[in-house]
Amino acid sequence: MRRFLLVLPGALLIGGGLFGIAACREEARAGTLTSVPTAAPPARTDAAIAVADAKDAGALAAVDAGATYDGPLLGALFMQTPIMSDMEWPRKEDEGKKNARVQRLGYIRHGAKVPVLPEAHKKPNCSEGWYELVGGGFVCGKYGTVDMNHPRLKSSPKLPDVTASLPYQYGYNIQNGTPLYRNVPSRDERLRLEPWLAPKKKAKREKPEREREPDEDAESDGMDAGLQLASQRTTDSSDDTPWYLRDYDGGKPMVSLDDLKGEGPVARRMVKGFYLSIDHQLSGGSGMWWKTQSGLLAPYDRVYIQKPPTEFHGIWLTDKTEVVDAGRKITETSGGGVGFILYHKAKKYIVSSDGKHVNPGDSVSRHTAVRLTGAHVTIGGLGYDETTEKWWMRANEGTHTKPHSPPGDLAPGEKWIDVNLTLQTLVAFEGDKPVYATLVSTGRRNLKEKEKDHPTPPGTFRIREKHIAATMDGDGAADGPYSIEDVPWIMYFNGSYALHGAFWHANFGHVQSHGCVNLSPVDARTIFTWTEPRLPEGWHGVWASPEHPGTRVVVHD
């Protein structure tokens with residue numbers, strides 16, 4: 001697991017420590033619904049109410065009631081501008097305690113703007129003054145501003161698109177050693193730091209034998225030997241050749257993230273397969289660039305734009321009509337659960353009325369979701385499940401939902417999530433009623449090689465924190481380093497294990513991850529907006545609290 005640390009004044013760690021973003025255990029550190037549910041704001045503390053005058057309280061009531069807000073805004077100046085429950089910083093000894101007097105409520109990301117009461121309250125722990133958010137919580141003026149012309153706001157990256165299946169555009173690094181620059185480098189700097197850009201020397205034309213001088217053969221032999229030695233140096237890890245110029249014969253360089261740290265113009269280098277979250281494309285001095293959400297610059301020709309390899313998503317199971325992609329309507333399912341086709345050559349099977357004979361029918365696409373009646377027959381040693389469309393699904397061509405029984409202390413209508421590790425399915429419930437079903441990819445197993453064994457631990461948990469997106473990276477013992485910037489729709493429920501979107505594979509329904517529960521981008525956003533705690537508008541991350549507990553997650557075999 002790897003965490004980035006950005007130390008800020010005021011005894012606060014942003015991006016690590018108190019506000020750390022953890023990766024899945026050794027894992028790389030979303031139709032779309034037509035509307036996004038409005039996030040419920042956190043409860044205001046007694047201190048918050050005390051500092052608001054009657055006019056400000058009226059503004060709060062208007063916003064809570066959904067009225068248009070025309071008051072001042074606070075803009076975030078850092079990638080994680082913290083929102084606290086009071087005008088204080090949490091004590092180190094209280095970190096992680098549920099009953100801590102001061103708690104982190106969440107954070108807003110650089111460039112985001114949220115409604116705020118106009119008066120700042122100066123205290124010794126924040127000389128710029130604490131601003132109270134209209135929706136509840138406090139931000140120190142060191143990390144946010146009400147000046148909408150502040151230079152850092154002007155230069156902030158694009159905000160995430162919370163209405164789309166992916167909040168950002170993503171790029172895939174195609175070569176080892178690609179540098180991420182702090183600023184646009186000069187041509188000379190690029191030639192020095194990107195040796196592959198240097199013009200290749202033309203091969204010397206070999207003279208015919210009759211034109212050679214008597215001593216040229218010996219000189220040529222020496223040159224050939226030198227070239228051979230130079231070639232060997234690219235594969236010799238003991239020499240001074242940079243790791244990214246060596247030949248790995250199709251393998252992956254086993255370097256650490258610390259080895260990738262840069263100096264001078266280069267912030268860090270990348271291994272082939274790293275993902276970036278892209279802000280925009282630009283041209284400058286020495287070439288074309290991709291500017292990342294973190295403000296670094298990647299050479300344009302070393303990164304290609306990644307698109308999700310599948311548009312798969314699950315289905316709503318509610319008795320009310322839900323509008324999803326392309327206006328398609330989903331209505332209530334029967335009680336037999338949901339089946340998902342996994343085999344790319346699957347068929348719709350026709351079973352005889354006596355249940356003794358079966359014939360293949362039309363083809364059915366991989367990842368098709370079908371409602372099941374609950375009827376099951378075995379013919380010729382193979383199982384078949386009846387669909388509500390009156391054809392039968394062969395059991396070995398797909399999977400189906402089989403949720404665990406609801407938790408015993410579940411409140412009426414309480415939301416909870418069932419993850420079945422054996423069947424690779426997820427079902428979202430409200431009380432004992434299933435409302436959404438889909439496929440997942442949980443941790444790969446390898447009982448022979450411990451370093452490649454990445455189980456998703458079973459148990460009952462609650463969502464602890466949610467992030468629209470955050471970077472996951474780390475050093476894999478068997479796979480080398482990995483880095484995925486702004487993994488979308490993260491919901492941590494057990495230490496560094498999370499439900500999150502995965503745009504880099506389409507293997508849903510099969511184990512794939514390094515421990516987290518992978519969802520398609522559409523599914524991840526759907527579950528993110530449905531679960532608790534709700535994310536207030538403009539926030540990038542939110543933590544659960546005793547007043548706003550996270551949705552329960554049940555993981556089982």
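Above this note sits the structure.
Summarised in this report is the structure supplied together with it. Owing to the predicted nature of the structure, the values given are computational and were not obtained by experimental measurement.

1. Remarks on the overall build of the chain
Here is step 1: Secondary structure assignment for the chain yields six helices and 38 strands.
Here is step 2: The burial tally for the chain puts 48% of its 557 residues in the buried class.
Here is step 3: Just so you have it, the chain exposes about 27100 Å², and 51% of that area is on carbon and sulfur atoms.

2. A short note on the sheet that holds strand E11 (residues 144–145)
Two orientations exist for strands paired in a sheet by backbone hydrogen bonds: parallel and antiparallel.
Here is step 1: Spatially, three strands are ordered E7-E4-E11 in an open sheet, and the strand pairing comes out antiparallel. Two strands bound the open sheet, and with one partner strand each, they are strand E7 (113–115) and E11.
Here is step 2: As paired strands, strand E4 (residues 73–76) and E11 are joined by two bridges and run antiparallel to one another. Bridging across to E11, Ala-76 finds its partner in Gly-144.

3. Focus on the pattern of salt bridges
Here is step 1: Enumeration according to the criterion identifies 16 salt bridges in this entry.
Here is step 2: Residues Glu-485 and Arg-268 are paired through a salt bridge, measuring 3.3 Å at the closest nitrogen-oxygen approach. Here Glu-485 is found in strand E34 (residues 480–494), whereas its partner Arg-268 is found in strand E14 (residues 266–270), with 217 residues between them in sequence.
Here is step 3: The exposure class assigned to Glu-485 is buried, which follows from its relative accessible area of 6%.
Here is step 4: Exposure remark for Arg-268: the relative accessible area of 15% places this residue in the buried category.
Here is step 5: The closest approach of N and O atoms between Glu-397 and Arg-394, which form a salt bridge, is 3.9 Å.
Here is step 6: Connected via shared salt-bridge partners are Asp-409, Glu-414, Arg-462 and Arg-552.

4. A few points about the nonpolar core
Here is step 1: Counting residues in hydrophobic clusters, the biggest one holds 56 residues, and the most contacted among them are Val-419, Leu-499 and Trp-539.
Here is step 2: Per-element accounting of this core gives the leading share, seven residues, to E34.

5. Considerations on the sheet that holds strand E19 (residues 315–316)
Here is step 1: In space, the six strands of this open sheet follow the order E19-E31-E30-E29-E38-E32, with mixed pairing throughout. In this open sheet, the two strands that pair with only one neighbour each are E19 and strand E32 (459–462).
Here is step 2: Inspection of the sheet shows strand E29 (residues 415–420) paired to strand E38 (residues 552–556) by five bridges, in the parallel sense. Considered in E38, the bridge of Asn-420 is made with His-556.

6. Some thoughts on unusual backbone geometry
Negative phi characterises most residues that are not glycine, and trans characterises most peptide bonds.
Here is step 1: With an omega of 0°, the peptide bond between Glu-532 and Pro-533 qualifies as cis.
Here is step 2: Along the polypeptide, Pro-533 turns up in the loop between helix H6 (521–530) and strand E37 (541–543).
Here is step 3: Its identity is not glycine, yet Asp-486 carries a phi of approximately 55°, on the positive side.
Here is step 4: Its relative accessible area of 1% is what places Asp-486 among the buried residues.

Conventions we followed
- Residues numbered from 1 in each chain as written.
- Predicted model: local features only at pLDDT ≥ 70, side-chain atom pairs only at ≥ 80, totals over all residues.
- Heavy atoms only, no water.
- Helix = DSSP H or I, 4+ residues; strand = E, 2+ residues; numbered from the N terminus.
- Buried < 20%, exposed > 50% of the residue type's maximum accessible area, 1.4 Å probe, protein only.
- Areas by Shrake-Rupley, 256 points an atom, 1.4 Å probe, with all protein chains shown as cover.
- Pairing = 2+ DSSP bridges.
- Salt bridge = Lys/Arg side-chain N within 4 Å of Asp/Glu carboxyl O.
- Core = buried A, V, L, I, M, F, W, Y, C linked by side-chain atoms within 4.5 Å.

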